[in-house]
Amino acid sequence: MTATRSELAGYFEYTLLKPDATAADVDNVCLDAVRLGVKSVCVNPVHIKLANWLLKDEAPLPVCSVGYPTGATLGSIKSAEAAEAVRLGAREVNMVMNLAAFKASDHRAVVQDIQGVITAAGVPVKVIVETTLLAADQLTQACSLCMEAGAKAVISGSGYGTSPVRESGIRALRKACDCSLEVIAAGGVRGFKRAMALVEAGADRICSSTVSEILGSSS
Ligand SMILES: O=C[C@H](O)COP(=O)(O)O
């Protein structure tokens, strides 16, 4: 696949999830998101109301992260966070999977955690599975649980993982999800060529904090 810059832009979710992001940062990212024609903008809960206001009548969807970045908060808190984020304007919710339950093979708890957020949110929920912490068979299992729970997509990482997302990781997620879930590449995506390679590997969307730089670069 060879995409133009404007075609590739449509694959991006522009993320602004650093803890010290300011309202001015949200303003800049939303302006860039509209200018570049990205699919969505993801912010922390403290900024979703502002992002929603800035993006009203614009194409990019306001998205909010919950249980971010560890996924280790209580399911009841994730659900409440999701409900409040949607009330403030989130059109999609990104949540981090309960990795502790997953590693303990408590798959029922993992599914309940996701379903609790889906029910509370009432909008599409995308699940961060943090692939750098999973073995190959665990990755397949995590995707199955996301499908069972009714998620819209799996996201490869939070950006706090141990290494950047690679094409091989996206191919593995694509294979595990078949066509049942969207596959989203996230974590350390840098450069136009790398972003294009991730789409060619099967990514339906790419989360990145550096979309302006990627679309402005030639490498
Ligand atoms: O999608 C999650 C992170 O915000 C990605 O940030 P990053 O592009 O700086 O790794």
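Residues numbered from 1 in each chain as written. Predicted model: local features only at pLDDT ≥ 70, side-chain atom pairs only at ≥ 80, totals over all residues. Heavy atoms only, no water.

**Structural notes on the packing of aromatic side chains**
The geometry of an aromatic ring pair is captured by the separation of the ring centres together with the interplanar angle, meaning the angle of the planes. For the structure on display, the rule yields 1 aromatic pair. Considering the side-chain rings of tyrosine 68 and tyrosine 160, the 5.9 Å spacing of their centres and the 70° angle between planes classify their relative orientation as edge-to-face. Of this pair, tyrosine 68 sits in the loop between strand E3 (61-66) and helix H4 (75-87) while tyrosine 160 sits in the loop between strand E6 (153-155) and helix H8 (167-177); the two residues are 92 residues apart in sequence, bridging distant segments of the chain. When the ring centre of phenylalanine 192 is taken as origin, the NZ or CZ atom of arginine 5, which lies over that ring, is 4.0 Å away. (Phe/Tyr/Trp six-rings, centres within 6.5 Å; stacked < 30°, edge-to-face > 60°. Helix = DSSP H or I, 4+ residues; strand = E, 2+ residues; numbered from the N terminus. Lys NZ or Arg CZ within 6 Å of the ring centre and 35° of its normal.)

**Remarks on the site of the ligand**
The ligand sits among Thr15, Leu17, Ser158, Ala186, Gly187, Gly188, Arg190, Cys207, Ser208 and Ser209. Here arginine 190 contributes a side-chain N or O atom positioned 2.9 Å from an oxygen atom of the ligand. Here an oxygen atom of the ligand and a side-chain polar atom of serine 209 are 2.5 Å apart. Here the ligand loses 87% of its free accessible area of 300 Å² to cover by the protein chains. (Near = heavy atom within 4 Å. Polar contact = N/O pair within 3.5 Å; in protein donor to acceptor, adjacent residues only side chain to side chain. Areas by Shrake-Rupley, 256 points an atom, 1.4 Å probe, with all protein chains shown as cover.)

**Looking at unusual backbone geometry**
With the exception of glycine, the majority of residues adopt a negative phi angle, and the majority of peptide bonds are in the trans configuration. Here the residue pair tyrosine 68 and proline 69 is connected by a cis peptide bond, since its omega of 5° sits within 30 degrees of zero. The residue proline 69 is located in the loop between E3 and H4 in this model. The backbone of serine 105 shows a phi angle near 60°, a positive value even though the residue is not glycine. Note that serine 105 resides in the loop between helix H5 (99-103) and helix H6 (107-121). Using a relative accessible area of 54% as the deciding quantity, one classes serine 105 as exposed. (Buried < 20%, exposed > 50% of the residue type's maximum accessible area, 1.4 Å probe, protein only.)

**Considerations on the sheet that holds E6**
One closed barrel accounts for 8 strands, arranged E1-E2-E3-E4-E5-E6-E7-E8; its pairing is parallel. Here the strands of the sheet are splayed against their neighbours by 25° on average, with no regard to which way each runs. Bridging between E6 and strand E7 (residues 182-186) involves 3 bridges; their strand directions are parallel. Within E7, the residue paired with isoleucine 155 across the bridge is isoleucine 184. Of the strands in this sheet, E6 and E7 touch H8, which is tilted by about 160° from E7. (Pairing = 2+ DSSP bridges. Axes fitted to C-alpha atoms, helices over the stretch in contact; angles between N-to-C directions. Contact = heavy atoms within 4.5 Å.)

**Some details on the nonpolar core**
Within the largest apolar cluster, 80 residues are counted, with the highest numbers of intra-cluster contacts made by Phe12, Val127, Val129, Val154 and Ile170. Leaving out residues up to four positions away in the same chain, valine 154 has contacts with Val127, Val129, Cys143, Cys146, Leu173, Cys177, Leu181, Glu182, Val183 and Ile184. (Core = buried A, V, L, I, M, F, W, Y, C linked by side-chain atoms within 4.5 Å.)

**Let's talk about the side chain of serine 158**
Within the element layout of this structure, serine 158 appears in the loop between E6 and H8. Side-chain polar atoms of serine 158 contact the backbone nitrogen of tyrosine 160, separated by 3.0 Å. The contacts of serine 158, once residues within four sequence positions are left out, are Tyr68, Pro69, Ile128 and Glu130.

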